[in-house]
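Architecture and fold: a report
Here is what each chain is made of, one letter per residue.
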Amino acid sequence: MNASTRPLLVELLTEELPPKALRKLGLSFAEGVRATLAARGLLAEGCAVQPYATPRRLAVRLSAVLAQAPDQEYAEKLMPVKIGLDADGKPTPALLKKLAAKGLEHVDAATLARESDGKQDVLVARGKAPGAALAAGLQEAIDAAIAGLPIPKVMSYQLADGQTTVKFVRPAHRLVALFGADIVPVATLGLIAGRKTLGHRFMSQGDIAIADADSYATQLLEQGHVIAAFDDRRADIQRQLDAHAARLGATLGDDPEVTALLDEVTALVEHPTVYEGEFEEQFLDVPQECLILTMRLNQKYFPLFSPATGKLTHRFLIVSNMQVANPVNIVEGNQRVVRPRLADAQFFFDTDRKTPLAARVEQLGSIVYHNKLGSQLQRVERVRAIARGIAAALGADAQRADRAAMLAKADLGTNMVGEFPELQGIMGAYYAQADGEPEDVVTALRGQYRNRMDAPVDAAGLTAAILFIAERAETLVGIWGIGLAPTGERDPYGLRRAALGLISAFEQLAAGGLLKISENGPLTLAGVLDLAAATFDAGQITPAELKSAVAEVSAFIYERYRNQLAADFDRAAVDAVIALTPPLHQVSARVRAVTAFSALPEAASLAAANKRVGNLLKKAEDGIAALDPARLTEPAEQALAKAIADLSPRAQAQFDAGDFAASLSTLAQAREPVDAFFADVMVMADDPAVRANRLALLAQLHGLMNKVADISRLAQ
């Protein structure tokens, strides 16, 4: 920072802001202020931006701000010369009015430049305008920042005058705007800027007068007991949590919910202090997912786990907004609050187990799945039929697959799932296990709501894979069939997620050896979607709608696969494979093979030749005739025919064995005869018979080239 710049601070003090949106609100407010000031030329080079966000404030500090932006050169196109000046070269009334409207009354018409716009000469005013003053620029910046906040839900509230109504995310009480130590005269939401703010709601007393922009964070911490920066507060909570967990010989767990909860509690406290709590060990008899969920979701506690077993312990950590010398009241108060919730979970679990899961299936008839697709029971019957069909194709136990599908949604009628919908499937697995259901059925219920399958499927996991596939196929065909395909960013039924889930299932079936890369089946995407389509009756979706839905869903799944693979492989290689819509479980292996082929020196020439072959074959008006070797008179076409005859059996055998890379490597050996053919032979000869024969030869070449992928997609 030099003598001409100072730090700038802006703070908006509010009622408690929505915690799940706080970090985004803080970043957005800081960026909104910065962007407008930068656009007005009010930020010095190297100006650093520090956002602040606590439950009761949004603020930003900019390290190097100018009191006034540098003068700006301007060029204002006014009007044609013939309209702006009279015959004597004097300004016309129209020109004078235009100058006044632009705030250029002081400009002498004689100094106006004459420039051509390509059609006629026009008058242009050029000069330097004073740069924006900070007060005006900051007022604009605050207004823009507030207008651009990603507010989840706007509140309307009345100001102290009893007449004015304003809209904001929460009622705002104070505005601080300091340029160095000086107050900047700006206003917003009925507030006039000053230097006074408030600290912690309970641990701070009275107003805090911020001395200058640089002292803001320090004063808030020392006088107000507030850690102003979101990231600093989050790091402090993480440090305390880790220290307490280590002292207790436990861990916080590594699932994503820990990170999400950390972000949320950071947005709930201004001065975090971590305390330890515990509950009676008898509650550990309840499935740990129930206890974890109620502690995290309802109480914002961090459950602790055994590092040896990963099992839940009877201890948890509390992130409090109060630091006290003796926390016994805080700890005991939190323990008293959590105990009834854990007791409720235990009661729900014990009560639910009194009714076998299978006995709950009929209740699904009273639960609507979708008004066009019937009840959950009707949906279960569809999934059962699909599961039996998949089991038959894979040679699996159809009765086990049917049992898993029948029980899959039965826990929707339980007390526990009614209280915690997030536990669908998980609770069904616990209840099925208690009922003595087969282990593979229990595993299938537990994993049915996963986003994807992430481990190779073996025989023990086959029932789970079948249910996983059947449920997603029914969802995709059914929801798509009633006209609810995803649009833009909207995908309320999770069809994109369902498509990626299906892809993962086929990948893992292949990884486990249950689908062989060398075979097209026995299970195919088309077969699964047809099974699903057959379960809907005409009263729900017409045959024409189902046929269209199956085709569109298939294309949708391949497109999702294309986008997924393009993140890790060259887009051209992915496109080359997807163009052939090969069996889903072969796609990944083919893409890897094409990627390797692309690196070969022969690849570019063969890809270009393949593209040319494709274009020539499109010109075969009467179709492709059988090849007549006797009509191959040119040495180059004879050499190409011999190369195709020699290479095709080898390439086909390698392809049939699933060795796609070897098949493409064999294809690479055709480069020289292919190049010679196109250099020496006129394909579209005048003689129709010769032309047809050469096209027949190229059709054979095209078949050799495109076994694994459409390699013309590799051509630059």
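Looking up the chain in an unreviewed UniProt entry gives the name Glycine--tRNA ligase beta subunit, with the organism given as Bordetella genomosp. 10. According to its UniProt record, the chain has this under Sequence similarities (unreviewed entry): "Belongs to the class-II aminoacyl-tRNA synthetase family." UniProt annotates the chain under Subunit (unreviewed entry) with the comment "Tetramer of two alpha and two beta subunits."

For the rest of this paragraph, the subject is the domain arrangement of the chain. Per the domain assignment, the segments of the chain are domain 1 (5-69 + 134-224), domain 2 (72-129), domain 3 (230-353), domain 4 (368-567) and domain 5 (601-714). Taking only C-alpha atoms into account, the centre of domain 2 sits 71 Å from that of domain 4.

Our focus in this paragraph is the packing of aromatic side chains. For the coordinates displayed, the defined rule picks out 9 aromatic pairs. Measuring from centroid to centroid gives 5.2 Å for Tyr52 and Tyr216, while their planes differ by 65 degrees, and the two rings are edge-to-face. Note that Tyr52 is positioned in strand S2 (residues 49-54) and Tyr216 in helix H5 (residues 216-224), a separation of 164 residues in sequence. Here Tyr52 and Tyr216 have matching classes, each one buried. Between Phe349 and Tyr431 the ring centres are 5.8 Å apart and the planes differ by 25 degrees, which places this aromatic pair in the stacked class. You can see Phe349 sitting in helix H9 (residues 328-352) and its partner Tyr431 sitting in helix H13 (residues 426-434), a full 82 residues away along the chain. According to the relative accessible area criterion, Tyr431 is buried, its value standing at 2%. Among the aromatic residues, those joined into a cluster by ring pairs are Phe279, Phe283, Tyr301 and Phe316. Geometry around Tyr430 places Arg446 over its ring, the cationic atom sitting 5.7 Å from the centre.

The next point concerns the pattern of salt bridges. Inspection of the entire model under this criterion finds 41 salt bridges. Asp350 is paired through a salt bridge with Arg353; the nearest N and O atoms lie 3.0 Å apart. The class of Arg353 is partly exposed, set by a relative accessible area of 41%. Here the salt bridges do not stand alone but share partners, grouping Arg379, Arg382, Glu471, Arg472 and Glu474 into one network.

Ordered in space as S4-S6-S5, the 3 strands form an open sheet in which the pairing is antiparallel. Of all the strands in the sheet, the pair left with one neighbour each is strand S4 (72-80) and strand S5 (113-116). Between one strand axis and the next, the sheet turns through 40 degrees on average, direction left out of account. Direction of pairing for S4 relative to strand S6 (residues 121-129): antiparallel, over a ladder of 8 bridges. Following the sheet pairing, Met79 is matched in S6 by Leu123. This element, helix H3 (residues 93-101), spans S4 and S6 of the sheet and lies at about 150 degrees to S4.

About the criteria used
- Residues numbered from 1 in each chain as written.
- Predicted model: local features only at pLDDT ≥ 70, side-chain atom pairs only at ≥ 80, totals over all residues.
- Heavy atoms only, no water.
- UniProt positions renumbered as here; feature names shortened; annotations may be inferred.
- Domains from an automatic or database assignment.
- Phe/Tyr/Trp six-rings, centres within 6.5 Å; stacked < 30°, edge-to-face > 60°.
- Helix = DSSP H or I, 4+ residues; strand = E, 2+ residues; numbered from the N terminus.
- Buried < 20%, exposed > 50% of the residue type's maximum accessible area, 1.4 Å probe, protein only.
- Lys NZ or Arg CZ within 6 Å of the ring centre and 35° of its normal.
- Salt bridge = Lys/Arg side-chain N within 4 Å of Asp/Glu carboxyl O.
- Pairing = 2+ DSSP bridges.
- Axes fitted to C-alpha atoms, helices over the stretch in contact; angles between N-to-C directions.
- Contact = heavy atoms within 4.5 Å.

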